[in-house]
Amino acid sequence: MLYLDYAATTPVRPEVQEEMTHYFAAQFENPHSPHEAGIRVKAAVEEARELVGRVIGASPRQVVFTSGGTEANNLAIIGGARARRKKGNHLVTTPIEHKSVLGPMAALTKEGFRVDFFPLDPTGLLEQERWQESLTPQTTLVSVGHANNEIGTVQPVADLAPVLRKKGILFHCDCIQTFGKIWVKVEDVGADLISVSGHKLYGPKGVGFLYVGPGVRIEPLMYGGGQERGLRPGTLNVPAIMGLAKAVELAGQEYKRELLRLLVLRNELVNRALLIPGVYLNGHPGQRLPNHVNLGIEGIEGQVIVSEMGKRGIAISTGAACSSGSREPSHVLTALGQKIGEATQGFRITLGSATTLQDIFTFVSNLSAVVKDLSERFLLQI
Ligand SMILES: *Cc1c(COP(=O)(O)O)cnc(C)c1O
């Protein structure tokens, strides 16, 4: 099988797996136990936290381990909004965010919060001239994803941070698709709260972290043993945390080289695919993730392309893994003004560590054959 769905998840690196294995059995003890063995596990976790802090340019106490990206987003948005309830009840995000951002926003409206959406252009970028008009004196928190997981457009988040800071508005950024791909230092993003997920960066699933900037107060979503400064109680998932830290360390060392390699492959894919009749690119042509392509083909549902390519042993997807399979038009493409028919045409190809130039050629020649097949079948029908 040719795997081209790295935005959905990535394989665990051997170094990460090795690190994790040790903490499943050899050092299995509870890091919160008072005995020697427990204290040693606790020290290992704190070293992992320091390592993550060093890579992202933050102090260890600003790193809060969570059960993944979804929890980090929920904790940042719900915890951040509730902690500022007395200051205001207005939140702003974009209509193309991941469901783990839109979900908590919708839930907060039931607690009396108001949610507005920044205006976007058809490529998914914030409207430079107009986005600030969505802010009000009641706005306490803004959540804008660094890169969209479905169309790959990268938002100029570093431009938002100083404006929001000056207005005293908390800035959360879902960086799950960008961390370890186009940045590793928090100062490059500038947000107060940053979400990262392990399984999008060759680490394990079910673990992630929330960066909580200096002086930022958020409320926990759960109550219990007071772990993670009380922000995320529960016995720590030690093997996953150790694996995550290893993945973060390796991403920090390698991402710049890998970014350049992937850019070449991605451009090759886009240029060749656009030569196939009817094929167009969704999202921004330049300001997009280095490993990310979203295409559409006039008159063909994305779901059909995904399934035809699947029969040829090539794994791609229509969009977010959680909502693909449903034939609903993409909430991202509809929010960008595409009509229902057009919005069902999108499909996503995402590259990663094992992708080679040969894979790009294989993908494009198969896509070309599928499109030819489908058009011939269609012509026979009429
Ligand atoms: C994958 C993803 C998430 C969810 O992260 P999990 O660790 O799978 O819960 C959130 N936001 C974006 C942009 C993602 O790509």
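Residues numbered from 1 in each chain as written. Predicted model: local features only at pLDDT ≥ 70, side-chain atom pairs only at ≥ 80, totals over all residues. Heavy atoms only, no water.

> Got a minute to help me understand the packing of aromatic side chains in this structure?
Aromatic ring pairs are defined here through the distance separating the ring centres and the angle between the ring planes. Within this structure, the stated rule accounts for 5 aromatic pairs. Ring centres of Tyr3 and Tyr6 lie 5.0 Å apart, and the angle between their planes is 75°; on these two criteria the pair is classed as edge-to-face. Since its relative accessible area comes to 22%, Tyr3 is described here as partly exposed. Residue Tyr6 is classed as buried on the basis of its relative accessible area of 6%. Aromatic side chains Phe179 and Phe209 sit 6.1 Å apart centroid to centroid with 85° between the ring planes, which places their arrangement in the edge-to-face category. Of this pair, Phe179 sits in the loop between strand E6 (170–174) and strand E7 (193–197) while Phe209 is found in strand E8 (residues 208–212), placing the two residues 30 residues apart along the sequence. For the pair shown, Phe179 and Phe209 are each scored as buried. The rings of Tyr3, Tyr6 and Tyr202 are connected pair by pair, giving a single aromatic cluster. (Phe/Tyr/Trp six-rings, centres within 6.5 Å; stacked < 30°, edge-to-face > 60°. Buried < 20%, exposed > 50% of the residue type's maximum accessible area, 1.4 Å probe, protein only. Helix = DSSP H or I, 4+ residues; strand = E, 2+ residues; numbered from the N terminus.)

> How should I be thinking about the site of the ligand in this particular structure?
As a matter of local geometry, the ligand sits amid 13 residues, with Thr70, Asp174, Gln177, Ser197 and Lys200 nearest to it. Here an oxygen atom of the ligand sits 2.8 Å away from a polar atom, N or O, in the side chain of His199. Contacts to the ligand include Lys200, whose side-chain N or O atom sits 2.7 Å from an oxygen atom. In isolation the ligand exposes 380 Å². Once the protein is present, 87% of that is buried. Considering each element in turn, the shell around the ligand owes the most residues, 3 residues, to helix H3 (residues 69–83). Counted by class, the shell around the ligand contains 1 nonpolar, 10 polar and 2 charged residues. (Near = heavy atom within 4 Å. Polar contact = N/O pair within 3.5 Å; in protein donor to acceptor, adjacent residues only side chain to side chain. Areas by Shrake-Rupley, 256 points an atom, 1.4 Å probe, with all protein chains shown as cover. Nonpolar A, V, L, I, M, F, W, Y, C, P; charged D, E, K, R; others polar.)

> I tried to follow the domain arrangement of the chain on my own but got confused; where do I start?
Size of an interface: often given as the accessible area lost when the parts come together. Split by domain assignment, the chain resolves into domain 1 (2–6 + 255–381) and domain 2 (14–251). Inter-centroid distance (C-alpha atoms) of domain 1 to domain 2 is 29 Å. Tallying the contact residues gives 27 residues for domain 1 and 29 residues for domain 2. Buried surface at the junction of domain 1 and domain 2, both sides included, amounts to about 2300 Å², of which 60% is carbon and sulfur. When the buried area of domain 1 at its contact with domain 2 is split by residue, Tyr255, Leu289 and Leu336 rank highest and sum to 29% of it. Taken together, domain 1 and domain 2 are joined by 0 salt bridges. (Domains from an automatic or database assignment. Contact = heavy atoms within 4.5 Å. Buried area = accessible area lost by both parts, 1.4 Å probe. Salt bridge = Lys/Arg side-chain N within 4 Å of Asp/Glu carboxyl O.)

> Whenever I open this one, the environment of His331 confuses me. Can you help?
Of note, His331 is situated in helix H8 (residues 331–335). The exposure class assigned to His331 is partly exposed, which follows from its relative accessible area of 26%. Once residues within four sequence positions are removed from consideration, His331 is found in contact with Pro95, Ile96, Glu97, Lys99 and Leu102.

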